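Descriptive analysis of the structure
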Amino acid sequence: MTSRLEAYRVSAYNTAKQSENKMHDDTVAKRFGFNGGLVPGVDVMAYMMHMPVAKWGRDFLERGLIDARFVKPVYDGEIADVTAEESNGLLSIEVKSRGQLCATGSASLPASAPDISIADYKAVAAVAERKPVNAASYEVDKWLGTIPRHWAGETAKEYLADIRETDPIYSRENLGHPGLLQRVMNRVLVDIAILGPWIHVGSKMQLLSAVKRSDEITARAKVTGNYDKKGHRFVEIDALVVANGNTPLAHCQHIAIYQPREQAAA
């Protein structure tokens, strides 16, 4: 049996206009053929997460599975319409803007969170000094670390406002939004090297525990792919996102174009 959830409409906001990643800057993004700076993929994925949380509540935040692929850009100030259709326990999710399909994905609620050992993920410190990205930055099987981050108090409220999230569950239960874990996944790439304009193209995330607003969050990441496809340089990473050095929050796979073929144009 198939059923459709109530649609969710977001006035998209480019949270990364001042980011080091100039793919979020209007002038640079236009050189790559876009209409303007891209709303970060991690934020579009956060829009998508509204649907399974509306469906399953805290259960999803504790053990939900979600994946997303970004097909077309979402732009600052544009309306993003998020829809979800449920069939046999699986939510098929789409994001459309300007009449175009911008992102696709799915979400589900496993009966229990998988048993993942933190010992299988090597903890390494973030590099002391970042250098411009090169062939060695993302060598396959290389372990990457991140600078610890946390979103508490007013910062947590600002994040929810930035992604236009109004579900009261986060303030009511003092929880962090799982989109924060995707931001940490982006930082895995940025904390190791100085990148030019780059693009997050897709992610899969198995939640293992609900994020608390007081959590200090890091990632233990391993490079699983580094390859050329149609002139773009792609990197794939597999990571365990951890709270306070000891609590697994999510198992994530993250894919990005770290050197677009149009790089020279920027």
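Residues numbered from 1 in each chain as written. Predicted model: local features only at pLDDT ≥ 70, side-chain atom pairs only at ≥ 80, totals over all residues. Heavy atoms only, no water.

1. Here's the deal with the pairing of strand β13 (residues 247–259)
Summarising the sheet, strand β10 (residues 199–207) and β13 pair through 8 bridges and their orientation is antiparallel. For isoleucine 199, the partnering residue across the bridge sits in β13 and is isoleucine 257. Strand direction decides the pairing type here: strand β12 (residues 232–243) and β13, joined by 11 bridges, are antiparallel. Counted as the bridge partner of alanine 239 is cysteine 252 from β13. What sits between the antiparallel neighbours β12 and β13 is a turn of 3 residues, in which asparagine 244 has the positive phi angle 55°. (Pairing = 2+ DSSP bridges. Helix = DSSP H or I, 4+ residues; strand = E, 2+ residues; numbered from the N terminus.)

2. Quick look at the packing of aromatic side chains
As enumerated under the stated definition, the model contains 4 aromatic pairs in all. Plain terms: the ring middles of tyrosine 121 and tryptophan 143 are 6.2 Å apart, the flat faces sit at 85° to each other, and that makes the pair edge-to-face. Residue tyrosine 121 is located in the loop between β6 (100–108) and β7 (131–132), and its partner tryptophan 143 is located in strand β8 (residues 143–145); the two are separated by 22 residues in the primary sequence. When its relative accessible area of 12% is taken as the criterion, tyrosine 121 is described as buried. Tryptophan 143 gets classed as partly exposed once you look at its relative accessible area, which sits at 22%. Where tyrosine 138 meets tyrosine 258, the ring centres are 5.1 Å apart and the plane angle is 70°; that geometry is what we call edge-to-face. Placement of tyrosine 138 in the loop between β7 and β8 and of tyrosine 258 in strand β13 is noted, with a sequence separation of 120 residues between them. Each of the two residues, tyrosine 138 as well as tyrosine 258, counts as buried. (Phe/Tyr/Trp six-rings, centres within 6.5 Å; stacked < 30°, edge-to-face > 60°. Buried < 20%, exposed > 50% of the residue type's maximum accessible area, 1.4 Å probe, protein only.)

3. Regarding the environment of alanine 239
Looking at the element boundaries, alanine 239 is found in strand β12. According to the relative accessible area criterion, alanine 239 is buried, its value standing at 0%. Spatially, the C-alpha atom of alanine 239 lies 9.0 Å from that of valine 188, the residues being 51 residues apart in sequence. In this structure, alanine 239 is in contact with Tyr121, Met185, Arg220, Ala221, Ala250, His251 and Cys252, ignoring residues within four places of it in sequence. (Contact = heavy atoms within 4.5 Å.)

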